[in-house]
Amino acid sequence: MPDPAPGVYGGGTPNGVVAFHGTYVATGSVWASCCADGDPSMNRGVVWTSSDGRSWTLRDRIPAFEHVSLASLVTDGSRLVAVGTYAAPSQNGPGVSVPAVWVSTDGKTWVRAPNPAPSFVAVGPHGFIGAVTTQAEPTSVASVQFVTSTDGLAWTKASGTFNADLRDLAAAPDGTAMAVGAVPGAPRTDGTTTVDMVVWRSPNGTTWTAPGTIAHDAYPVAVSSDGRGFLAVVRLSALLPGGSISDVSQVWRFGDGNVPRAEAIPLGDQETLGSIFLVGDILLAGGYTLVDGAANAMVWVSTDGGATWGRVASPQAFTDIGNELAGMVPTPGGLLAVGRRWDSASMHPLPEAWLAAP
């Protein structure tokens, strides 16, 4: 994929991709803040488009995406909704990021939704479902309120406010929805802090249960739906007798209730999951493994609904280090993934696309 920032150490890489009006659209950011005293107002959003997933056209310096950091992209087939943050430039120090959402009907012209905007957006059968999150102080517990929209610009409150750190949101084809997050948990015996995993459920995207505690010392990082239930990527921690913390990651399947079942993914000691994707009838769990001390992409695949999993051979697809899959979408011949890889020659992250057959 074309590099929008060859002279920026943080690079410019995509974090989401969708199929839209006969093309593939990917959005991402130029991460200039890494070399600008952490000032997020130096970042900007960018767009890549492709008709086949192999040759890409870059759209940069989009007026609506100046001072923007994009995090995800969704579509209902009629419009694109990009989710991220906006940081107005400040003469008194770094800009302050606020959640923001942009909508486009062609991938070229984008309009920003009024504040307050959701930090997470999913697409349900009746429109967009979002979650507006706020946090008064870095040390305080965040709050979340669910919202809905038919056009991505005007959002309507769909719940009260809950005190919890929401981490992801997903909608199912039948209209149900699920969100995952965390609340402070009881401290360990050595006094270190913990978090407990909580889950919100909705039968229709417009009414929501209060968050229910699912597990202690567990932190969810992603959730998705495969039409048969919801799947969450969860990181579990435990205090070992020697005083060290053991961290493992799992994929949990939720059915009608809130009692999850762990998928049988045989991870190694230095392997961590971070995402879950559905491509047709195939489940893919993405994450990273350590190669000579550096993280590199790892993908597990299940073709039987999660009953069994096999790991994708990586040497040819994920050469060098720092490969990271950030978004996937089905293609007529398999799947398209976008993300980044670290280029050791230039010491610079590069935008990357991968194509895979079933």
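For the structure, see preceding data.
Predicted model only: the values in this text are computed from it and were never measured. (Residues numbered from 1 in each chain as written. Predicted model: local features only at pLDDT ≥ 70, side-chain atom pairs only at ≥ 80, totals over all residues. Heavy atoms only, no water.)

A. Inspection of the pattern of salt bridges at higher detail. Scanning all chains against the criterion turns up 12 salt bridges. The partner of Glu-263 in a salt bridge is Arg-261, with the nearest N and O atoms 3.6 Å apart. Residue Arg-261 is classed as partly exposed on the basis of its relative accessible area, which comes to 46%. The salt bridge involving Arg-311 is made with Glu-271; its shortest N-O contact spans 2.3 Å. Taken together, the positions of Arg-311 in strand E24 (residues 310-311) and Glu-271 in strand E21 (residues 271-279) put the pair 40 residues apart, joining distant regions of the chain. Classification of Arg-311 as partly exposed rests on a relative accessible area of 34%. According to the relative accessible area criterion, Glu-271 is buried, its value standing at 13%. Where salt bridges share partners, they join Asp-226, Arg-228, Arg-253, Arg-261 and Glu-263 into one cluster. (Salt bridge = Lys/Arg side-chain N within 4 Å of Asp/Glu carboxyl O. Buried < 20%, exposed > 50% of the residue type's maximum accessible area, 1.4 Å probe, protein only. Helix = DSSP H or I, 4+ residues; strand = E, 2+ residues; numbered from the N terminus.)

B. Broad picture of the packing of aromatic side chains. One pass over the structure, following the stated rule, counts 7 aromatic pairs. Here the aromatic rings of Phe-146 and Trp-200 are separated by 5.8 Å at their centres, their planes lie at 75 degrees, and the arrangement is edge-to-face. Taken together, the residues Phe-146 in strand E11 (residues 143-149) and Trp-200 in strand E15 (residues 194-202) connect sequence positions 54 residues apart. Through a chain of ring-to-ring contacts, the aromatic side chains of Phe-146, Phe-162, Trp-200 and Trp-208 assemble into a single cluster. (Phe/Tyr/Trp six-rings, centres within 6.5 Å; stacked < 30°, edge-to-face > 60°.)

C. Seen up close, the environment of Ser-90. In this structure, Ser-90 sits in the loop between strand E6 (80-87) and strand E7 (97-104). Note on Ser-90: relative accessible area 35%, which makes it partly exposed. With 51 residues separating them in the primary sequence, Ser-90 and Asp-39 have C-alpha atoms 9.3 Å apart. Within polar-contact distance, the side chain of Ser-90 engages the backbone nitrogen of Asn-92 at 3.1 Å. (Polar contact = N/O pair within 3.5 Å; in protein donor to acceptor, adjacent residues only side chain to side chain.)

D. Fine view of the sheet that holds E6. Taken together, the 4 strands give an open sheet; going across it, the order is E5-E6-E7-E8, and neighbouring strands pair in antiparallel fashion. Strand pairing shows two members of the sheet lacking a second neighbour, strand E5 (68-75) and strand E8 (111-112), which therefore form its edges. The pairing of E5 with E6 spans 7 bridges and is classified as antiparallel. Counted as the bridge partner of Thr-75 is Leu-80 from E6. (Pairing = 2+ DSSP bridges.)

E. Focus on the nonpolar core. Core analysis: the largest hydrophobic core is formed by 17 residues, its most contacted members being Ala-131, Phe-146, Leu-166, Leu-169, Ala-179, Trp-200 and Trp-208. Put simply, the parts of the chain that give this core at least two residues each are strand E9 (120-124), strand E10 (127-134), E11, strand E13 (165-171), strand E14 (177-185) and E15. Leaving out residues up to four positions away in the same chain, Ala-179 has contacts with Phe-146, Leu-166, Asp-168, Leu-169, Val-198, Val-199, Trp-200 and Trp-208. Counting residues in each nonpolar core, the second largest holds 15 residues, with Met-178, Val-199, Trp-252 and Phe-254 among its members. (Core = buried A, V, L, I, M, F, W, Y, C linked by side-chain atoms within 4.5 Å. Contact = heavy atoms within 4.5 Å.)

F. A look at the sheet that holds strand E25 (residues 321-331). Strands sit in the order E25-E26-E27 across an open sheet of 3 strands; the sheet is antiparallel. Lying at the two open borders of the sheet, with one neighbouring strand each, are E25 and strand E27 (348-356). The mean inter-strand angle of the sheet, taken between neighbouring strand axes irrespective of direction, is 20 degrees. Relative to E27, strand E26 (residues 334-343) is paired through 9 bridges, and the arrangement is antiparallel. The partner of Arg-341 across the bridge, within E27, is Leu-350. (Axes fitted to C-alpha atoms, helices over the stretch in contact; angles between N-to-C directions.)

G. How the structure looks around unusual backbone geometry. Put simply, Asn-115 and Pro-116 share a cis peptide bond, and its omega is -5 degrees. Tracing the backbone shows Pro-116 in the loop between E8 and E9. A positive phi angle, close to 55 degrees, is found at Asp-217, a residue other than glycine. Position of Asp-217 among the secondary structure elements: in the loop between strand E16 (212-215) and strand E17 (218-225). Its identity as a non-glycine residue notwithstanding, Met-347 has a phi of 55 degrees, on the positive side. Within the fold, Met-347 resides in the loop between E26 and E27. Here Met-347 falls in the partly exposed class, since its relative accessible area comes to 46%.

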